[in-house]
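Read off the chains here:
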2 protein chains.
Amino acid sequence: MPVRIEDVAAHAGVSTKTVSRVLNGHPSVRAKLRTRIEASIRALNYVPNPSARGLAGNRSYLVALLYDNPMSSSSYIMELIVGVLQACKETPYNAVLHPFEASDDLVSRIDGFVAQHRPDALVLVPPHANNTRLLQRLEELDLRYATISSKSRQSRIDIGFDERRAAADIVEHLISLGHRRIGHVASLKGHGAHAWRLNGYRDALRRAGIAYDESLVVPGDFTFASGVAGAKALLDRRDPPTAIFAANDDTACGVMREAYERGLAVPGDLSVCGFDDTPVSLQISPGLTTVHQPCREMARLAVECVLRSIRDPAMRQHTHVPYQVRLRASTAAPGKR
Amino acid sequence: MPVRIEDVAAHAGVSTKTVSRVLNGHPSVRAKLRTRIEASIRALNYVPNPSARGLAGNRSYLVALLYDNPMSSSSYIMELIVGVLQACKETPYNAVLHPFEASDDLVSRIDGFVAQHRPDALVLVPPHANNTRLLQRLEELDLRYATISSKSRQSRIDIGFDERRAAADIVEHLISLGHRRIGHVASLKGHGAHAWRLNGYRDALRRAGIAYDESLVVPGDFTFASGVAGAKALLDRRDPPTAIFAANDDTACGVMREAYERGLAVPGDLSVCGFDDTPVSLQISPGLTTVHQPCREMARLAVECVLRSIRDPAMRQHTHVPYQVRLRASTAAPGKR
DNA sequence: ATGAAAGCGCTAACAA
DNA sequence: TTGTTAGCGCTTTCAT
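Residues numbered from 1 in each chain as written. Chains lettered and ligands numbered in written order. Predicted model: local features only at pLDDT ≥ 70, side-chain atom pairs only at ≥ 80, totals over all residues. Heavy atoms only, no water.

K.L.:
Just to check I follow, could you spell out the protein's contact with DNA strand D for this structure?
P.N.:
Taken together, 23 residues surround DNA strand D, and among them Thr18(A), Ile5(B), Lys17(B), Ser20(B) and Tyr46(B) come closest. Taking the atoms of DNA strand D that fall within 4 Å of the protein, sugar and phosphate contribute 62% of them. Between DNA strand D and Arg30(A), the relevant distance is 2.9 Å, taken from a phosphate oxygen to a side-chain nitrogen or oxygen of the residue. At the level of elements, helix H2 (16-23) and helix H4 (50-57) of chain A together with helix H2 (16-23) and helix H4 (50-57) of chain B are the ones that each hand at least two residues to the surface near DNA strand D. The greatest single-element share of the surface near DNA strand D, amounting to four residues, is contributed by H4(B). The class makeup of the residues in the surface near DNA strand D is 10 nonpolar, seven polar and six charged. (Near = heavy atom within 4 Å. Polar contact = N/O pair within 3.5 Å; in protein donor to acceptor, adjacent residues only side chain to side chain. Helix = DSSP H or I, 4+ residues; strand = E, 2+ residues; numbered from the N terminus. Nonpolar A, V, L, I, M, F, W, Y, C, P; charged D, E, K, R; others polar.)

Next up, the structure:
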């Protein structure tokens, strides 16, 4: 159990500091010596003590994932977690999760959290990723952070995907099936998603020469309930849409529920598509056409970048990762039964 | 930033050791002194440095959640995570997540993980919670652990719920609606759930005086695909069941998919119920009748108990937490349309 | 019930 | 490029 750095140093015939340098990837160790020390490390099965490293180096080896609402978006968070864990694997870093509800005293609560756990790096997702006061405060604390899908340009490191183009793609798919009257249950205001997905919807209409009808866009907040309500509003019209593009899968499920309650067949009477490709899009019947949001990749990249930025604080990186439209059975030509 | 224990000691006019005792809840500090020191701690906004505590006390302040498969059961894991985080809140402990795929060298991989991260406590969920070799190894390493829903009696601390009775309850619900021929798509073998849920199903039949027909039980593995396959097998019979009890919600969704493909109405032509009360049970249409598995409570209790067991290593605790049957629209009287 | 001194295992300055 | 010497901030002996 207690193999310490000095045991390795003795075994390799060097000083502890040199072993430390190898451990920390310091460049000024000759290749030959480095190899010998690495051999000793393996031979003794040495693993450095994180507390000791942390204390001496004033680091915690913790990267924190800060998110908002575990309830309504648990599969989104879960996918991010998988990505974060992938990135931490093979590093001395551990991931810790910190749900914080948005509130006025958010900044001071984050202060408390930082004081207590002293994470070396943070990853923020919306809506915190859009909270400029919070980002400001993290800068003041000189903490490295990365955001995911932030709409703020303030963040030095942000990983997202082209949500606008993705939304346009999926609406274009509906148009290509023959739909002309397409409803949209919008995203939660404040999220970048709100504008991105709405603009993508409008882009697709414009390119197809379909006039934008504001009344076909109803408010939503990413919840199932807002899908039900949005579908009610849209389907109660005298000229109901033949297809509905919901801002996310949960909302799309709400739309499908309302169609079900009205005895409307999906996709026969109404095509529905979502966004995110959460597990429910495969579990529901018919399978839901949606956009695969590359959560894992985004989270993995975010962690990789933010860990790199610990060494290089000036680093900036704004990256889009690829997405995919997943065509399933919930969309078809209008009027087809 | 750098408020240290000696600052607190100076402020309160005591030695650092006494402050340390207060921090660690040591009983041998007089109430008056304790109060004074606590006031100093608050006044200075002191938060102990986890790395320093960890190094000096040979602890990591980490509790690890060990699980198996993030894919097929992400909402189950997510709920556990919420419970684990709740329990860690207001403690100096941080939760870390460690997915490990089951394999022959699982034990040695856990050894590596323990060597690297030195968690003070572990929480195991099935199937790891049933891995006696693994539990054995943790005992050897003198590591505190708690299991969730373990079928092994080896675990000193286990939190579960009465799955057998819950299964019986939900099947009794089907019987009370008038169903007599009820199919069951079984759980993954190896999980405690397999026997518990199957036995509960049999209990309910027996109590209702319905003969157990082995051929109405088809194998499953908690996946959507096994629900589809199981439903195919059951619905292809000359005397198909009027209701199907699926081992979990994902499987139930597969059953509903197969019903959908055959043009069978749920619940008109077929009642379906699941188990777990994952988010999909609300998102799907009709809403899925299921058993609410109290994941959060189980995880919270497991962490609370295992942290307590650090101080009291002999501690044993085997607890069942309450569950609830959630009646939704996927079950109705047979033949009703 | 409280205090003094000695580390825990590592890294950061500084030296060589 | 490598080694020496001090700590990092806390808890633990062992005193008292």
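K.L.:
Can you help me understand the nonpolar core in this one?
P.N.:
What tends to happen in soluble globular proteins is that the nonpolar side chains get buried as a cluster. By size, the foremost hydrophobic cluster in this structure holds 152 residues, and its most contacted members are Ile81(A) and Ile81(B). By size, the runner-up hydrophobic cluster in this structure holds 34 residues, among which are Leu138(A), Tyr145(A), Ala64(B) and Tyr145(B). (Core = buried A, V, L, I, M, F, W, Y, C linked by side-chain atoms within 4.5 Å. Buried < 20%, exposed > 50% of the residue type's maximum accessible area, 1.4 Å probe, protein only.)

K.L.:
I tried to follow the sheet that holds strand E1 (residues 62-67) of chain B on my own but got confused; where do I start?
P.N.:
Hydrogen bonds along the backbone pair up the strands of a sheet, which may run parallel or antiparallel. All names here are of chain B. On the basis of which strands lie adjacent, the open sheet formed by six strands has the order E2-E1-E3-E4-E5-E11 and parallel pairing. Strands at the two margins of the open sheet, each flanked by one partner only, are strand E2 (94-99) and strand E11 (317-320). Across the sheet, the mean angle separating the axes of adjacent strands is 20° when strand polarity is ignored. Two strands pair when backbone bridges link them, and strand E3 (residues 121-124) and strand E4 (residues 144-148) are joined in this way by four bridges, in the parallel orientation. Looking at the pairing, Leu-122 lines up with Tyr-145 of E4. (Pairing = 2+ DSSP bridges. Axes fitted to C-alpha atoms, helices over the stretch in contact; angles between N-to-C directions.)

K.L.:
Could you clarify how one ought to interpret the relation of the copies chain A and chain B in this entry?
P.N.:
What relates the two chain copies is a rotation about an axis together with a slide along it. Of the transformation superimposing chain A on chain B, the axial component is 0.0 Å and the angular component is 180°, with the fit at an RMSD of 0.1 Å. Expressed as a symmetry operation, the mapping of one chain copy onto the other fits a two-fold axis. In terms of C-alpha distance to the rotation axis, chain A has Ser51(A) as its closest residue, with the C-alpha 2.2 Å off the axis. Of the interface residues in chain A, 100% have counterparts in chain B that sit at the interface too, so the contact is made through matching surfaces. (Least-squares fit on C-alpha atoms with pLDDT ≥ 70 in both. Contact = heavy atoms within 4.5 Å.)

K.L.:
How should the domain arrangement of chain A be read in this particular structure?
P.N.:
Where interface size is quoted, it is often the accessible area lost as the parts come together. Taken domain by domain, chain A comprises domain 1 (5-48), domain 2 (57-161 + 294-323) and domain 3 (163-293). Computed from C-alpha atoms alone, the centre-to-centre distance between domain 1 of chain A and domain 2 of chain A is 32 Å. (Domains from an automatic or database assignment.)

K.L.:
What is the right way to look at the sheet that holds strand E8 (residues 243-246) of chain A in this model?
P.N.:
In space, the four strands of this open sheet follow the order E7-E6-E8-E9 (chain A), with parallel pairing throughout. Sheet topology places strand E7 (217-218) and strand E9 (271-273) of chain A at the edges, where each strand pairs with a single neighbour.

K.L.:
What am I meant to see in empty space enclosed by the protein here?
P.N.:
Over the atoms rolls a probe the size of a water molecule, and its path tells where empty space is left. Residues and elements named next belong to chain A. Enumeration over the complete set of coordinates arrives at two cavities of 30 Å³ or more. Counted as a void, the largest cavity has a volume near 70 Å³. In terms of lining, the largest cavity is formed by Glu-139, Leu-143, Arg-144, Tyr-145, Arg-156, Ile-157, Ser-309, Pro-313 and Met-315. When the residues that make up the lining of the largest cavity are grouped by side-chain class, the tally is five nonpolar, one polar and three charged. Computed from the structure, the second largest cavity encloses a volume of approximately 30 Å³. Looking at the lining of the second largest cavity, the elements that each hand over two or more residues are helix H5 (74-88) and strand E2 (94-99). Sorting elements by how many residues they give to the lining of the second largest cavity places H5 first, with three residues. (1 Å grid on protein atoms, 1.4 Å probe; cavity = no way out; pocket = protein on both sides within 12 Å on 5 of 7 lines; lining within 4 Å. Points joined across faces, edges and corners; volume = space filled by probe spheres on them.)

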